[in-house]
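Architecture at a glance
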Amino acid sequence: MKETEKKGTAKAYFSKGVQVLFLVLGNTALIAGIWRGVHFDGVTAATMIYQLTVPMDGADPGNFTSLFWALGIGIPVLTALELLLVRPIREWLDRMEVRRAAKGAARKNPEDVREDEPEKQVTPKKFKWRFFRNHPVAAAATWFGLVALFMLMRMQVFSYCIRVMFPSSLYEDYYVAAEDVSLKAPEERRNLIYIYLESMEITYADRTDGGVASENRIPYLTELAYAGENFSDDGKLNGMLPVEGALWTCGSLVSQSCGTPLIVPIGRNNMGKGYTEFLPGAYSIGEILAADGYNQIFMQGSEIRFAGTDTFLTCHGGAEVRDYEYYRKGNRLPSEDYFVWWGFEDALLYAFAREEITKAAQEDKPFAVTIMTIDTHFTDGYRCDLCGDDFAVQYDNVIRCADNQIRDFVQWIQSQDFYENTTVVIVGDHPTMDSHYYKELSGKDKKYQRKAYAVILNSVVEYEFGKARSYSAFDMFPTTLAALGYEIPGNRLGLGVNLYSDEPTLVEEMGLKKLNKELVKHSKYYNRHIVADE
């Protein structure tokens, strides 16, 4: 008897443990889903899949502090509350069913009720919650399943998986392999300074200039866009429309450099043959400039290994890297263990960039310097010593500070002797992923079309077609080459179009919605010739 009781007790403890496990899993999915909805509501499934499958070296864990706090507090509180409420809810449901049954019996014809009918007949013959009442483990598992299903639907994972099962002929119809195009370089090579401003979008401007803010957060960048070329003709800022495969930093870098998105084929490795190659079938502006004798330097204040950026640069042009580790090992940082935000702040990055550009300008060959900022990364950005208090929200102040810093840097470039022979491209890598900030800034305007910032300064060609272009990150590849003076037969490279020409972009020809659907579909051409994994 005692052995039977022990087995029963062990079974009860095991059952309770499994129940608690499913409750914890369900609560984890619920809290993580709510947190993701607040902070990353606009992040697509393709973006999340890529970020989960690449090296995360150098990522700032502070971006997820609020998630850790929410999980650490929310999981035990919710689980304990659910366990405490199980018995009262069960008893309440029983009472409700008894009352319904009693009312049903009272409505019966008295002639149909026997005098000797036992009173228990008023209890429900079939209690629809009885299974879950008697099987708490199944109830907890169902809770977990329903929450997980709801969150996956919110993240559009199912629609993404369905789309990737259908083939697309996008690349067969539109892709132009840049290595097969006979580009004509200018006789005099121009220098290139290409600046990626983290999460910079035209949304931060006021509505008069095409943004949504009540007060312009980026007054200098707005002025600069009008002074340079952003392919607009309506007196408002224009920029890059968001396309799949270019909605995060590395994806945007690849898209603007190669004219092709960074899409991870499900069931395959990430970027090519392991981590030793990165889209080996793609052909980039880095390779074109390397073949033409450019001295290429890539600079950022974080670790270059994050998301495989180091592998991409090595495989596509071999630019010299100047990142956090480079300056730390060179004892150029304020202290040996100096580390803020993702490495070091943009103020230091711009100071180092001045040094590198000055050195490069003294050499007898053209230079191409790429700078990637980080201070305006979500969430809330990094508040450096240069940031003011013009706004109540920290992210607003960080964005204004970034505007001030790029103003000082561009004015320095324009004051140098090399500027006459230098083209400057300034772009946002993608719209901010801080969906909560965007909703607050825009007043939850669902009709507004967000665009990443873009402007080209000191181009050798002018835009003469008098219409606003609808374009994406892909189009920056051939457009940058055209701005440097390269002649491009057909005006197409990769999936991009030279915006100085009258060739329609894929966004103009197909529409943004259709293009994005095609980009995430399965492509034999992409997998075989660009990922080179078949």
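Quick note: structure is the one above.
Residues numbered from 1 in each chain as written. Predicted model: local features only at pLDDT ≥ 70, side-chain atom pairs only at ≥ 80, totals over all residues. Heavy atoms only, no water.

With that settled, consider helix α14 (residues 394–414). Helix length check: α14, at 21 residues, gives a terminal C-alpha distance of 30 Å against a target of 30 Å (1.5 Å per residue), a fit within 8%. Counting buried positions along α14 gives 15 out of 21 residues, so the element sits mostly inside the fold. (Helix = DSSP H or I, 4+ residues; strand = E, 2+ residues; numbered from the N terminus. Expected span 1.5 Å × (residues − 1). Buried < 20%, exposed > 50% of the residue type's maximum accessible area, 1.4 Å probe, protein only.)

Our focus in this paragraph is unusual backbone geometry. With an omega of -10°, the peptide bond running from F378 to T379 counts as cis. As for its position among the elements, T379 is in the loop between β5 (367–372) and α14. At L279, a residue that is not glycine, the phi angle is positive and equals roughly 45°. By secondary structure assignment, the location of L279 is in the loop between α9 (249–258) and α10 (285–291).

What follows deals with the packing of helix α13 (residues 346–361) against α14. Between α13 and α14, the shortest axis-to-axis distance is 11 Å and the interhelical angle comes to 10°. When the axes of α13 and α14 are compared, the pair comes out roughly parallel. Contacts from D346, A347, Y350, A353, R354, I357 and T358 in α13 reach Q405, I406, D408, F409 and W412 in α14. Within the contact of α13 with α14, the residues separate by chemical class into 7 nonpolar, 2 polar and 3 charged. (Axes fitted to C-alpha atoms, helices over the stretch in contact; angles between N-to-C directions. Parallel < 35°, antiparallel > 145°, perpendicular 65-115°, else oblique. Contact = heavy atoms within 4.5 Å. Nonpolar A, V, L, I, M, F, W, Y, C, P; charged D, E, K, R; others polar.)

Another point: the pattern of salt bridges. Side-chain pairing between opposite charges can occur once the charged atoms of the two side chains come close. Applying the stated criterion to the full structure yields 17 salt bridges. In this structure, D389 engages R383 in a salt bridge whose closest nitrogen and oxygen atoms are separated by 2.6 Å. Note that E508 is salt-bridged to R469, the shortest N-O span being 2.9 Å. Residue E508 is found in helix α17 (residues 506–510), and its partner R469 is found in the loop between β7 (452–457) and β8 (471–472); the two are separated by 39 residues along the sequence. A single salt-bridge network, built from bridges that share partners, covers E215, D390 and R400. (Salt bridge = Lys/Arg side-chain N within 4 Å of Asp/Glu carboxyl O.)

Let's shift gears to the sheet that holds β5. With mixed pairing, the 8 strands of this open sheet are ordered in space as β4-β3-β5-β1-β6-β7-β2-β8. Lying at the two open borders of the sheet, with one neighbouring strand each, are β4 (320–322) and β8. Two elements, strand β3 (residues 295–300) and β5, share 6 bridges in a ladder whose sense is parallel. When the bridges of β5 are listed, Q296 appears paired with A368. Here helix α8 (residues 219–227) sits on the sheet and contacts β1 (191–197), β6 (422–428) and β7; the angle it forms with β7, its principal contact strand, is near 50°. (Pairing = 2+ DSSP bridges.)

None of this, on its own, says anything about what the molecule does.
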